[in-house]
Amino acid sequence: MSNNPVIIELKNISKSFDGEQILKSIDLEIHDKEFVTFLGPSGCGKTTTLRIIGGFETPDEGDVYFLGKQINKLPPHKRQLNTVFQKYALFPHLDVYENVAFGLRLSKTPEPEIAKRVHEMLAMVNLEGYDARRVDLLSGGQQQRVAIARALVNRPKVLLLDEPLGALDLKLRKEMQIELKKIQKRLGITFIYVTHDQEEALTMSDRIVVMNGGVIQQIGTPQDIYNEPANAFTADFIGESNILPGVMHEDFLVSFAGKKHKCIDKGFEKDEKVDIVIRPEDIKFGKPTENVMCGVVSNVTFKGVHYEMTVSPRGGKVAPALMEVPENGAYGKLPIPKNGDFEFEGWYTKRVGGHKVEENSAIYKNAPHILYAHWTMYGERAGSYTEKEGYEQGETYKISFESPETDESFSDISCENGVYCTLPTPEARDGYRFAGWFTKMNGGKMAAEGAHLLEYEDHTLYAHFTPVQEGAAVSHKVELDPDGIPVWIAQSTEATPVGTYVGLYVEPENIQVMHKSGWNFSSVEKSDEENGDVK
Amino acid sequence: MNIKAKWASYPYIIWMILFTIIPLAMIVYFAFTDSDGGFSFANIQQSAAHIPTLVKSIYLAAISTVVCLVLAYPFAYYISRKSYSKQKMMVMLVMLPMWMNFLLRTHALSALIEDNGVINTLLMKIGLEPIQMINTQGAVVFGMVYNYLPYMIMPLYSIMTKIDGRTVEAAADLGANALQTHRRLILPMSMPGIISGITMVFVPSVSTFVISGLLGGSDNYLIGDIISAQMLGSAYNLNYGSATSLLLMLVVLVTMIIFNSMDSEDTEGMLA
């Protein structure tokens, strides 16, 4: 496509509304006869870019060129392009024929010519015989066709389409996608298409412009964008993908999910933190061994051509728990969930990434929230608690308690298998709250239920108390979610039953390593809103 | 119709019978009877003498309606394209004079334009000749426009806010400049508002007697003044007054039919 001349060029376009920057220096060339799609979530600036090309907005900075001529200030009615609007924007007081004829009447086209061209267009969009129908009585799909005919009857050099299929049902959408592509090929004109639907973009486009936050993330053919995403945003927005943090140790060697993997990427700094993308269809199931990532198939969905399977470290043995924490206080003892073959790594503030929450540390940001269990995928390391040096499985160990600040006394208890069992809770004095059992009178390590016996020497645990701060009576609920990461999505033409323990095999060339983009995974929503930025 | 809606409508139906249908029947009865209660065409024939006054009433009401339309149309379009909060503000300003009593406003106007009123006193103070303003046709038209302008703005504004901004953009996109967009899109789409605005200004204007009475003087007696004199005033004659009222109603009815037929037809060619 790039051998065709450039028809529209955007240079350094910036635009703000009410002090909020919508576009940040956009540069783009669109070639003649090209089908270009602006793809991105709601509010990414795609509709604003289209409206600047259409002349409905003027850029704050930068220039718009049409066939080499700067057209920044040219009003829409003088531009050689037409628009198919979101929700069609048909003229309700005119019938189908007059709607389509609107542009031709303005250009003083002779009546026989108008009739010929209108009927030609109506035939092209399969609306023959609808001339005298009222537009507000047509179905969504028919209104859409009228809108397309109305825009194309003027024979524009460029057609702008603003989420034109957003209001149609799935089947009609698919039909219209094919039809639009056909029309574009037949007329040989440029289509600039705006959508938030990645599948639509992949199906129809010659080139896709992926946008987010007013910035172009990537420009490329559908194949490029899918196979070689430039960053984690594109990878996540286009298609299903498994994205997780990793570390690039050296060229062709990356570690993620607790394992080292060969890959074909290079040129990163030593031990650079990176994002890893693996497409679901590139994951093959095999025998679980110590050298590969392992997991349990937790969900199987039939997707028509293939099955989509979720592989997770979830063992289902730990239910979500609620715990109450005083305001301005700290996390008390956090339970240690057990999960079959997976090793618990810690509680985190986010499902992916986030801060690790240490026991007895201050409440993160003082906000009520959910803590997520993170798991590592060492499949063959079940029962690792008992492998801890010095402790024997089945053996019991005696613990005694001291609560120096109260008069309570606790008798000694025995704990099995080298982990702490249920620990008693001493009553706190007024103005103090119980902070936990520690291995020393002052300082020391905290002993929590389910944790390893710390430096066991027939030892005594000491109750620690902390003063309760002024106005600290309110409790926050902290929800504990034991579903861990990573959760893998894999695709295959054959279904693997739920509960199967599998090893995950990925070819080195299918491991995409990307620089950290500073973009936050958890903030992305694949929006299905049909509304753009039009007021 | 469901049962509940039917029952709920009864109070107004009774109201309508008491205050619309029975009085109308009485007017018809009086119009066709003489003072003794016998059937007679005499009242109708007599009231035909007021046709010149009726024509003048229609003429002045028509001028007022046109002035209102010319003033209100661009303004209504302007506010309909503003943000919601600005629209509320503007609409409140439009409605503000309506919070004052109608009679009081008209009296205030007359105090302003009297021979010895505020304006003429000011003119004389700066050494200019006083101007004859009150008791002219102009004063009557001014009074009508002043009082009824909001009735033109409101229906126009409410229909224009329903015009989707995207259709205006679509017209521009298809090559229409501002003028063409108005002629081919906004005007035809606001036609229902224009019709109801015209009705709401023309009907009270053609039958007014307060405005013409206070601002028009004896030279500008309108049909409403005649009816009022016959019904309440010096020339008390119920039968005669009823007949004249009936004549006026007929005129209003015909006007309404004409306007409403304009609405349902293809209005584009008619007004463009």
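The structure under discussion appears in the preceding block.
Okay, so let's go over this structure.

Calculation notes
- Residues numbered from 1 in each chain as written.
- Chains lettered and ligands numbered in written order.
- Predicted model: local features only at pLDDT ≥ 70, side-chain atom pairs only at ≥ 80, totals over all residues.
- Heavy atoms only, no water.
- Core = buried A, V, L, I, M, F, W, Y, C linked by side-chain atoms within 4.5 Å.
- Buried < 20%, exposed > 50% of the residue type's maximum accessible area, 1.4 Å probe, protein only.
- Helix = DSSP H or I, 4+ residues; strand = E, 2+ residues; numbered from the N terminus.
- Contact = heavy atoms within 4.5 Å.
- Buried area = accessible area lost by both parts, 1.4 Å probe.
- Salt bridge = Lys/Arg side-chain N within 4 Å of Asp/Glu carboxyl O.
- Polar contact = N/O pair within 3.5 Å; in protein donor to acceptor, adjacent residues only side chain to side chain.
- Pairing = 2+ DSSP bridges.
- Axes fitted to C-alpha atoms, helices over the stretch in contact; angles between N-to-C directions.

1. Notes on the nonpolar core
Buried together is how nonpolar side chains tend to be arranged in soluble globular proteins.
Part 1 of the reasoning: A:Phe91, A:Phe102, B:Tyr73, B:Met152, B:Leu156, B:Met160 and B:Ile194 are the most contacted members of the largest nonpolar core, which totals 53 residues.
Part 2 of the reasoning: The element contributing the most residues to this core is helix α7 (residues 137-160) of chain B, with twelve residues.
Part 3 of the reasoning: Filtering out sequence-adjacent residues up to four positions away, B:Tyr73 remains in contact with B:Leu156, B:Met160, B:His182, B:Ile186, B:Leu187, B:Ser190 and B:Ile194.
Part 4 of the reasoning: If you look at the next biggest cluster of nonpolar residues, it comprises 37 residues, including A:Phe35, A:Leu152, A:Val153 and A:Leu180.

2. Some words on the interface of chain B and chain A
Part 1 of the reasoning: Contacts between the two partners involve 16 residues from chain B and, on the opposite side, 23 residues from chain A.
Part 2 of the reasoning: Among the residues of chain B in contact with chain A, B:Arg166, B:Asp173 and B:Leu174 are the three that bury the most area, contributing 40% of the side total.
Part 3 of the reasoning: A:Arg51 is paired through a salt bridge with B:Glu169; the nearest N and O atoms lie 2.6 Å apart.
Part 4 of the reasoning: Taken together, chain B and chain A are joined by five residue pairs in polar contact (both at pLDDT 80 or more).
Part 5 of the reasoning: Listed by contribution, the elements that provide at least two residues to the side of chain B that touches chain A are α8 (165-173) and α9 (178-189) of chain B.
Part 6 of the reasoning: The element best represented in the side of chain B that touches chain A is α8(B), accounting for seven residues.

3. Comments concerning the side chain of A:Thr109
Residues and elements named next belong to chain A.
Part 1 of the reasoning: With respect to the element layout, threonine 109 can be found in the loop between α2 (96-106) and α3 (111-124).
Part 2 of the reasoning: Since its relative accessible area comes to 15%, threonine 109 is described here as buried.
Part 3 of the reasoning: Looking at threonine 109, its side chain comes within polar contact range of the main-chain oxygen of leucine 104, at 3.0 Å.
Part 4 of the reasoning: A polar side-chain atom of threonine 109 sits 3.0 Å from a polar atom in the side chain of serine 107.
Part 5 of the reasoning: Residues contacting threonine 109, with those up to four places away along its chain left out, are Leu104 and Ile114.

4. Details of unusual backbone geometry
Residue and element names in this part refer to chain A.
Part 1 of the reasoning: A positive phi angle, near 65°, is found at lysine 33, a position not held by glycine.
Part 2 of the reasoning: With respect to the helices, strands and loops of the structure, lysine 33 is situated in the loop between β2 (20-31) and β3 (35-39).
Part 3 of the reasoning: Judged by its relative accessible area of 38%, lysine 33 falls in the partly exposed class.
Part 4 of the reasoning: The backbone phi angle of phenylalanine 252 is positive, close to 65°, even though this residue is not glycine.
Part 5 of the reasoning: On the secondary structure map, phenylalanine 252 appears in the loop between β11 (242-250) and β12 (253-256).
Part 6 of the reasoning: For phenylalanine 252, a relative accessible area of 40% corresponds to the partly exposed category.

5. Some remarks on the sheet that holds β11(A)
Residue and element names in this part refer to chain A.
Part 1 of the reasoning: Here five strands make up an open sheet; going across it, the order is β13-β12-β11-β14-β30 and the pairing antiparallel. The sheet terminates laterally at β13 (259-262) and β30 (512-515), the two strands that pair on one side only. Taken pair by pair, the neighbouring strands of this sheet meet at an average axis angle of 40°, ignoring direction.

6. Some points on the environment of A:Ile243
Residues and elements named next belong to chain A.
Part 1 of the reasoning: With respect to the helices and strands, isoleucine 243 occurs in strand β11.
Part 2 of the reasoning: On the basis of relative accessibility, which here comes to 15%, the residue isoleucine 243 falls in the buried class.
Part 3 of the reasoning: As a C-alpha pair, isoleucine 243 and isoleucine 276 span 33 residues in sequence and 5.4 Å in three-dimensional space.

7. A short note on the sheet that holds strand β16 (residues 293-302) of chain A
Residue and element names in this part refer to chain A.
Part 1 of the reasoning: Ordered by their spatial adjacency, five strands build an open sheet running β15-β29-β16-β17-β28, and the pairing between neighbours is antiparallel. Among the strands making up the open sheet, the edge pair consists of β15 (283-286) and β28 (488-492). Neighbour-to-neighbour, the strand axes of the sheet open up by a mean angle of 50°, direction not taken into account.

8. Re the pattern of salt bridges
All names here are of chain A.
Part 1 of the reasoning: Tallied over the entire structure, the rule returns 19 salt bridges over all chains.
Part 2 of the reasoning: Where aspartate 32 meets lysine 33, a salt bridge forms, and the shortest distance between an N and an O atom there is 3.5 Å.
Part 3 of the reasoning: The exposure class assigned to aspartate 32 is buried, which follows from its relative accessible area of 19%.
Part 4 of the reasoning: The salt bridge partner of lysine 116 is glutamate 120, with a shortest N-O separation of 4.0 Å. Of the two residues, lysine 116 and glutamate 120 both sit in helix α3, four residues apart, roughly one turn of that helix.

9. A word on the pairing of strand β9 (residues 207-212) of chain A
Residue and element names in this part refer to chain A.
Part 1 of the reasoning: With respect to burial, β9 is a largely interior element, six of its six residues being buried.
Part 2 of the reasoning: With four bridges connecting them, β3 and β9 associate as parallel partners. Across the sheet, the residue bridging to valine 36 is arginine 207, located in β9.
Part 3 of the reasoning: Hairpin geometry of β9 and strand β10 (residues 215-220) is characterised by an intervening segment of two residues between the two adjacent antiparallel strands and by a positive phi of about 60° at glycine 213.

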